[in-house]
Amino acid sequence: MLTSPNLIPDGVQSLVEIDPVLTRWIAENARAGVDPGAVVAAMRQAGWAEADAAKVIQDVVVQVFPGFSRNPFVSTVHAHPIPEPLMDSGSSYVYAGDKMVEVVMTSMLPRLVVFDGFLSDDECDGLIELARPRMERSGVIQPVTGGSEINDVRTSTGMFFQLGEQELVARIESRIACMLHWPVENGEGIQVLNYQQNAEYKPHQDFFDPADVGTPKSIGLAGQRVGTLLMYLNTPERGGGTVFPDAGLEVHAKKGRAVLFTYDQPSPMKKTLHGGAPVLQGEKWSATKWMRQRAFIPQGIPGPRR
Ligand code: PD2
Ligand code: ZN
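Below is a summary of the structure that appears in this document. (Residues numbered from 1 in each chain as written. Chains lettered and ligands numbered in written order. Predicted model: local features only at pLDDT ≥ 70, side-chain atom pairs only at ≥ 80, totals over all residues. Heavy atoms only, no water.)

1. Digging into the packing of helix H5 (residues 121–131) against helix H6 (residues 167–180)
Defined as follows: Structural elements are reduced to axes, namely lines fitted to C-alpha atoms, with helices fitted over the stretch in contact, and the angle between N-to-C directions of any two is expressed from 0 to 180 degrees. Helical segments are the DSSP runs of H or I of at least four residues, strand segments are the runs of E of at least two, and each set is numbered from the N terminus. By definition in this entry, angles of less than 35 degrees are roughly parallel, angles greater than 145 are roughly antiparallel, angles of 65 to 115 are roughly perpendicular, and the rest are oblique. Crossings are assigned a handedness: left-handed for a near helix turned anticlockwise from the far helix by less than a right angle, right-handed for a clockwise turn. The contact criterion used is simple: two residues touch if any of their non-hydrogen atoms lie within 4.5 Å.
Close contact between H5 and H6 brings their axes to 10 Å; oriented N to C, the two are set at 125°. As judged from the angle between their axes, H5 and H6 are oblique. In the packing of H5 onto H6, the handedness of the crossing is left-handed. Side by side, H5 and H6 meet where Glu-123, Gly-126, Leu-127 and Leu-130 of the first sit next to Leu-168, Val-169, Arg-171, Ile-172 and Arg-175 of the second.

2. Examining the environment of Gly-223
Tracing the backbone through its elements, the reader meets Gly-223 in the loop between helix H7 (215–219) and strand S10 (225–232). Gly-223 sits 71 residues away from Arg-294 along the chain, and the two C-alpha atoms are 5.9 Å apart. Excluding residues that lie within four positions of it along the chain, Gly-223 makes contacts with Arg-292, Gln-293 and Arg-294.

3. Quick word on the coordination of the zinc ion (ligand 2)
Stated precisely, the cut-off is as follows: Only nitrogen, oxygen and sulfur atoms count as donors, using a 2.8 Å cut-off from the metal that widens to 3.2 Å for Na, K and Ca. Water is left out, so coordination shells may look unfilled. Partly exposed residues are those whose accessible area sits between 20% and 50% of the maximum for their type, while under 20% is buried and over 50% is exposed, using a 1.4 Å probe and protein chains only.
Here the zinc ion (ligand 2) is held by the protein donor atoms His-204 (NE2), Asp-206 (OD) and His-274 (NE2), which lie 2.1 to 2.2 Å from it. Written as a sequence motif, the donor residues of the zinc ion (ligand 2) are H-x1-D-x67-H. Note that Asp-206 is positioned in the loop between strand S9 (201–204) and H7 and His-274 in strand S15 (residues 274–276), a separation of 68 residues in sequence. Side by side, Asp-206 and His-274 carry an identical accessibility label, which is buried.

4. Focus on the site of ligand 1
Let me state the cut-off plainly: If even one non-hydrogen atom of a residue comes within 4 Å of a molecule or strand, that residue is called near it. Polar contacts, as used here, are pairs of N or O atoms within 3.5 Å; protein pairs need one atom able to donate a hydrogen and one able to accept it. Residues neighboring in sequence count only if both atoms are side-chain atoms. For the area figures, the Shrake-Rupley method with a 1.4 Å probe applies, and any residue is considered shielded solely by the protein chains shown.
The environment of ligand 1 is formed by 16 residues, the closest being Tyr-195, Asp-206, Lys-284, Ser-286 and Thr-288. At 3.2 Å, a side-chain N or O of His-204 approaches a nitrogen atom of ligand 1. Interatomic distance of 2.5 Å between a side-chain N/O atom of Lys-284 and an oxygen atom of ligand 1. When the free accessible area of ligand 1 is taken as 310 Å², the share hidden by the protein chains comes to 100%.

5. Observations concerning empty space enclosed by the protein
Defined as follows: Grid points spaced at 1 Å over the protein atoms alone were grouped into cavities, where a 1.4 Å probe fits but cannot get out, and pockets, open sets with protein on both sides within 12 Å along at least five of seven lines, with lining residues defined by an atom within 4 Å of a point. Grid points are joined across faces, edges and corners, and a volume is the space filled by probe spheres set on the points.
Tallied over the full model, the rule gives 2 cavities of 30 Å³ or more. Each pocket or cavity is described by its volume, and for the largest cavity that value is around 130 Å³. Taken together, 17 residues form the lining of the largest cavity, with Tyr-195, Tyr-201, Leu-230, His-274 and Thr-288 sitting closest to its centre. Mapped by element, the contributors of at least two residues to the lining of the largest cavity are strand S8 (191–195), S9, S10, S15 and strand S17 (284–292). The element that contributes the greatest number of residues to the lining of the largest cavity is S17, accounting for 4 residues. The space that makes up the second largest cavity amounts to roughly 50 Å³.

6. Some remarks on the side chain of Asp-206
Worth spelling out the cut-off: We treat Lys and Arg as the positive residues and Asp and Glu as the negative residues; His and chain ends play no part in the count. Criterion for a salt bridge: a side-chain nitrogen of Lys or Arg within 4 Å of a carboxyl oxygen of Asp or Glu.
For the buried Asp-206, no salt bridge is present, and the opposite-charge side chain at shortest range is Arg-225, 5.1 Å distant. A distance of 2.9 Å separates a polar atom in the side chain of Asp-206 from a polar atom in the side chain of Trp-290. Beyond its immediate stretch of four places on either side in the chain, Asp-206 contacts Arg-225, Thr-228, Phe-261, Tyr-263, His-274 and Trp-290.

7. A closer look at the nonpolar core
Just so we agree on the cut-off: To qualify as a nonpolar core, a set must consist of buried Ala, Val, Leu, Ile, Met, Phe, Trp, Tyr and Cys residues joined through side-chain atoms within 4.5 Å.
With 34 residues, the main nonpolar core has Phe-115, Phe-118 and Val-192 as its most contacted residues. Mapped by element, the contributors of at least two residues to this core are strand S2 (100–107), strand S3 (111–116), H5, H6, S10, strand S14 (258–262) and S17. Sort the elements by how many residues they give to this core and H6 lands first, with 6 residues.

8. Some details on the pattern of salt bridges
Scanning the entire structure with this criterion turns up 16 salt bridges. A salt bridge links Arg-134 to Glu-165, with the shortest nitrogen-to-oxygen separation between them at 2.6 Å. Of the two residues, Arg-134 sits in the loop between H5 and strand S4 (136–137) while Glu-165 sits in the loop between strand S7 (157–160) and H6, which places them 31 residues apart along the sequence. Owing to a relative accessible area of 35%, Arg-134 belongs among the partly exposed residues under this scheme. Residue Glu-165 is classed as partly exposed on the basis of its relative accessible area of 28%. One continuous salt-bridge network, built from bridges that share partners, spans Asp-98, Glu-123, Glu-167, Arg-171 and Arg-175.

9. A few points about the layout of surface pockets
To keep things clear, this is the line we draw: Think of it as three bins: nonpolar holds Ala, Val, Leu, Ile, Met, Phe, Trp, Tyr, Cys and Pro, charged holds Asp, Glu, Lys and Arg, and polar takes everything else, Gly as well.
In this structure, the largest pocket occupies an estimated 810 Å³ of space. In terms of lining residues, the largest pocket is bounded by 33 residues, among which Val-140, Ile-141, Tyr-201, Phe-208 and Arg-225 are the most central. Tallying contributions element by element places S7 first for the lining of the largest pocket, with 3 residues. For the lining of the largest pocket, a count of residues per class yields 11 nonpolar, 13 polar and 9 charged.

Here it is in structure tokens:
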């Protein structure tokens with residue numbers, strides 16, 4: 001890749017005006033996983049201003065991979081499509097359909113974004129009340145069967161909503177999909193978790209381990225998990241943060257806050273090892289949305305001929 005494109009700097013503003021040869025060249029480089037920084041450099045050599053080059057690359061990549069990050073800097077960490085909220089580096093608010101959400105911190109490796117006020121207090125309380133009668137002891141994935149087993153890695157209780165099960169659940173799912181540029185259909189049902197004092201979720205990866213015998217079954221039609229949005233439904237009195245041991249990071253649990261982390265490949269290199277630290281005082285309620293590569297319901301597959 002990166003062989004002589006027909007690069008004509010012309011100050012274009014939109015994709016329809018971009019030279020088709022240039023569009024194809026950018027798309028081929030993106031498909032080959034070439035560092036966008038190298039593509040920008042090649043375009044600069046051909047006379048493009050850096051900002052114009054970055055904009056054109058973003059426009060083409062979004063066209064070629066719907067849902068792909070428009071942020072060229074994020075694309076250097078992730079070669080494959082992932083949920084990504086920020087179109088540019090440095091945004092303090094992000095559009096989420098029915099509200100603007102505040103961005104309070106970001107990290108590139110792991111790719112992680114923390115949002116405050118993602119859920120309102122009423123939405124947090126509403127989720128807890130809908131979930132409360134259905135809570136059961138949480139399990140972890142059994143490596144061989146791909147089923148669930150109970151052990152001390154995870155000492156919470158939890159439940160799953162169906163996709164769009166209640167108006168409140170559907171509203172939050174739409175907000176997530178809009179903010180992360182990732183279709184609702186690619187999401188697992190929201191899971192609500194409750195941790196009593198001393199309960200925890202020891203560090204783990206959310207993707208299915210490629211080495212586990214049960215993984216092909218867990219992956220199914222929807223593919224691997226590529227992102228996690230963890231929402232805090234209350235503020236524990238002490239403890240209960242989310243820790244990222246490989247990055248030396250801890251996100252403190254606060255009502256309405258959410259933390260996103262994404263992983264385009266099921267690899268520890270993405271530094272997404274994370275855990276729910278023990279709750280030291282009080283209790284903790286959280287909600288998890290996992291995003292998959294593809295839709296759970298196959299789209300556009302024609303039925304049998306009659
Ligand atoms: O509830 C949490 O804090 C937590 C921490 C780590 C949840 C998950 N992982 C998860 O649901 O995967
Ligand atoms: Zn997790």
